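Read off the chains here:
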Amino acid sequence: MNTVELTRSPIRQLSAQLANQIAAGEVVERPASVVKELIENSLDAGATCIEIDIQKGGLQLIKIRDDGHGIPEQEITLAVQAHCTSKIASFDDLTAIESMGFRGEALASIVSISHFEITSRTESQEMAWQWSNTGINNSEDNALTPASHPTGTSIVVRDIFYNTIARRKFLRSERTEFRHIEDVVKRIALSRFEIEFVLKHNQRVVHRLPRALTTDLKTKRVAKLLDKRFVQQALRVSYQASQLSMTGWLSNKDYSRGQTDMQYFYVNGRIVKDKVISHALRQVYQAILPPGRFPSYVLNLQIDPQQVDVNVHPTKHEVRFRQMRLVHDFVNHVIQDSLNKTNSNHRYGGDAFVFDTEEQAVTEHQINKHAMAEASSRYSGRAHNHYPLARNKPASSAEFYTQKTHSTSLPQGLLGTVVGFCQPYYLLSQSQQGLVIIHLLRVAQHQAEQQWLQQVDSQSVEVKPFVFPVSIELDAQLCESIDCHQDTIQTLGFDLSLQAKNILVLRAAPTVLQHCSYEAVIRQLLISLNLEETMGWETLVPLLSRFVQLGTHSESKTLSEWQQHLNDIEKTFVNLCVDAPYKNKLWRVLGVAEVNKLFQANVSAKLVDE
Ligand SMILES: Nc1ncnc2c1ncn2[C@@H]1O[C@H](COP(=O)(O)OP(=O)(O)O)[C@@H](O)[C@H]1O
Ligand SMILES: [Mg+2]
């Protein structure tokens with residue numbers, strides 16, 4: 001019997017201070033979030049120089065000084081109250097946000113969890129005015145005092161979370177907190193080249209970044225903040241379409257990293273982590289980088305503010321595109337095309353490539369419907385809107401164990417029951433014969449080959465036409481040879497034509513090749529055809545199928561999805577009686593005796609120790 005009595009307190013309105021502290025929970029996670037909000041305010045105020053002064057990782061002091069337009073005397077006390085903003089006035093304004101802020105809650109939140117002081121002066125005022133909450137709980141009543149300050153604003157935040165001890169406990173060492181602050185400054189400085197930034201820590205200048213208005217100066221700033229080697233090989237991107245444009249730097253296949261720490265993608269100057277965009281980038285790079293290696297980039301997408309909703313999350317790191325599909329394909333195309341042109345004049349400087357997205361004049365409704373269908377099928381391969389996890393993300397142990405318990409109830413076929421996926425492309429299962437290791441990449445290539453051969457044979461090649469054709473730069477001689485080989489090229493399912501002396505344009509390719517670098521495939525195709533004019537599709541299909549890569553969603557599959565995949569492999573291969581030597585290339589079975597052998601040496605060593 002339940003003996004606990006539920007006591008109920010009467011409903012009451014929260015004090016402004018408490019409400020702001022609750023809001024601060026969302027906006028202010030750590031000193032770096034304060035720095036982000038304050039710099040964004042300076043940017044919105046049209047500053048050209050922003051100085052950031054930090055003491056003790058921001059735990060003791062954060063001071064941001066700008067030369068923006070300032071706040072008029074009579075508005076300073078309003079600025080620090082919740083829901084007070086100069087950036088929007090009506091709901092309609094929300095549909096086309098051009099400023100970094102608009103929610104009117106950052107200053108109020110910061111005021112509620114710190115000792116706060118603001119000094120500001122507009123150009124028309126003769127002196128500056130200062131407001132602070134120090135020592136007084138109900139800060140709104142606090143009066144202004146005159147102060148000396150040039151046009152612009154300085155904000156000082158001391159003792160962050162002094163009154164919300166629980167939050168302070170979550171903070172890390174000074175060094176770690178400063179690293180987060182440095183990251184924030186870096187992120188902003190890599191998209192706002194027209195602004196000078198000075199970052200100091202404990203009175204020492206860490207970064208002094210003068211304004212960078214030319215491409216050369218911008219490149220220098222990127223080199224200073226990221227890695228010189230990245231900039232040395234980076235491709236400079238500058239693309240323009242009717243509704244979208246993209247500029248920045250991206251790494252080519254010769255430069256990759258073991259982590260995703262140098263990936264900066266901005267939408268209208270705002271850094272975002274967006275799944276549609278990540279997918280568009282990953283799709284291109286996974287075809288040219290080995291598993292576990294990641295590209296680096298600094299890219300800024302400019303899009304009509306009406307086409308993007310930034311009011312998705314309080315920290316505004318997430319956005320929602322009204323035309324998801326269009327943005328995905330644009331980004332994908334620009335990256336693919338830039339990489340294809342590695343050797344052309346795209347390196348630094350960059351030429352404007354203009355194409356007309358009006359061709360895609362589909363109604364918003366159609367696009368959304370299409371995009372949603374895409375999101376649930378192509379991007380994720382799942383029925384619900386779940387995007388693939390980053391390549392290489394190891395499953396957490398909790399995930400692993402829950403998955404493991406599921407697996408016991410799964411049906412067991414000849415290849416057994418899946419126990420897990422192992423990077424870069426192995427599937428492990430347990431059968432009656434022992435441990436089975438399946439080489440998923442070879443399986444995928446073999447499946448593609450079989451499917452393609454069968455389709456060509458029955459003259460029914462499934463073809464994927466591209467929304468944006470892919471330009472491929474090759475030797476002029478190779479390019480010219482396509483005329484002699486058009487029959488074979490078309491039989492295989494490619495729509496390939498000559499665009500310029502050394503540029504081919506690919507408008508469609510066989511669906512089985514969807515996870516390939518098209519450039520590599522076409523190069524191989526033409527080289528082979530030129531080496532041996534009579535080479536037929538029976539030889540070309542197995543050769544070109546070697547370029548097939550694994551899809552993007554391997555890491556995000558659940559065990560039951562893997563089991564389904566394994567059952568499909570079994571149906572294709574086991575039932576079709578693939579011959580034994582070939583099977584050995586696709587999977588191996590380790591019997592208990594073999595596994596025991598692996599440990600033999602260790603066991604005897606241990607016994608000797610004991
Ligand atoms: N550095 C600054 N320079 C000029 N005005 C500022 C500055 N910081 C804040 N403000 C003013 O204070 C208001 C409130 O700021 P904030 O709480 O960050 O809300 P938001 O940026 O969402 O409007 C802003 O709308 C702006 O008018
Ligand atoms: Mg703001």
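This structure is a prediction, so every number in the text was calculated from the model and none was measured.

A. Geometry of the pairing of strand 19 (residues 434–439). Pairing between strand 18 (residues 426–431) and strand 19: six bridges, direction antiparallel. Considered in strand 19, the bridge of Ser-429 is made with Val-436. Counting the residues in the hairpin turn of strand 18 and strand 19 gives two residues. By the bridge criterion, four bridges tie strand 19 to strand 23 (residues 587–590) in an arrangement that is antiparallel. Paired with Ile-438 across the strands is Trp-587, a residue of strand 23.

B. Broad picture of the packing of helix 2 (residues 31–44) against helix 6 (residues 174–189). Where helix 2 meets helix 6, the closest approach of the two axes is 8 Å, and the angle between their N-to-C directions is 25 degrees. Taken together, the axes of helix 2 and helix 6 lie roughly parallel to each other. Crossing of helix 2 against helix 6: the hand is right-handed. Contacts between helix 2 and helix 6 involve Pro-31, Ala-32, Val-35, Lys-36 and Ile-39 from the first element and Glu-177, His-180, Ile-181, Asp-183, Val-184, Val-185 and Ile-188 from the second. Residues of the contact of helix 2 with helix 6, tallied by class, amount to eight nonpolar, one polar and three charged.

C. View of the packing of helix 9 (residues 275–285) against helix 10 (residues 324–340). Orientation of helix 9 relative to helix 10, taken along the N-to-C sense of each, is 30 degrees, at an axis distance of 9 Å. Considering the angle they form, helix 9 stands roughly parallel to helix 10. Of the two possible hands of crossing, helix 9 and helix 10 adopt the one that is right-handed. Along the contact surface, helix 9 presents Val-276, Ile-277, His-279, Ala-280, Leu-281, Gln-283 and Val-284, while helix 10 presents Met-324, Val-327, His-328, Val-331, Asn-332, Ile-335, Gln-336 and Leu-339. Its residues assigned to classes, the contact of helix 9 with helix 10 shows 10 nonpolar, five polar and no charged.

Reading the values: rules and limits
Residues numbered from 1 in each chain as written. Chains lettered and ligands numbered in written order. Predicted model: local features only at pLDDT ≥ 70, side-chain atom pairs only at ≥ 80, totals over all residues. Pairing = 2+ DSSP bridges. Helix = DSSP H or I, 4+ residues; strand = E, 2+ residues; numbered from the N terminus. Axes fitted to C-alpha atoms, helices over the stretch in contact; angles between N-to-C directions. Parallel < 35°, antiparallel > 145°, perpendicular 65-115°, else oblique. Left-handed = near helix turned anticlockwise from the far one by under 90°. Contact = placed C-beta atoms within 7 Å. Nonpolar A, V, L, I, M, F, W, Y, C, P; charged D, E, K, R; others polar.

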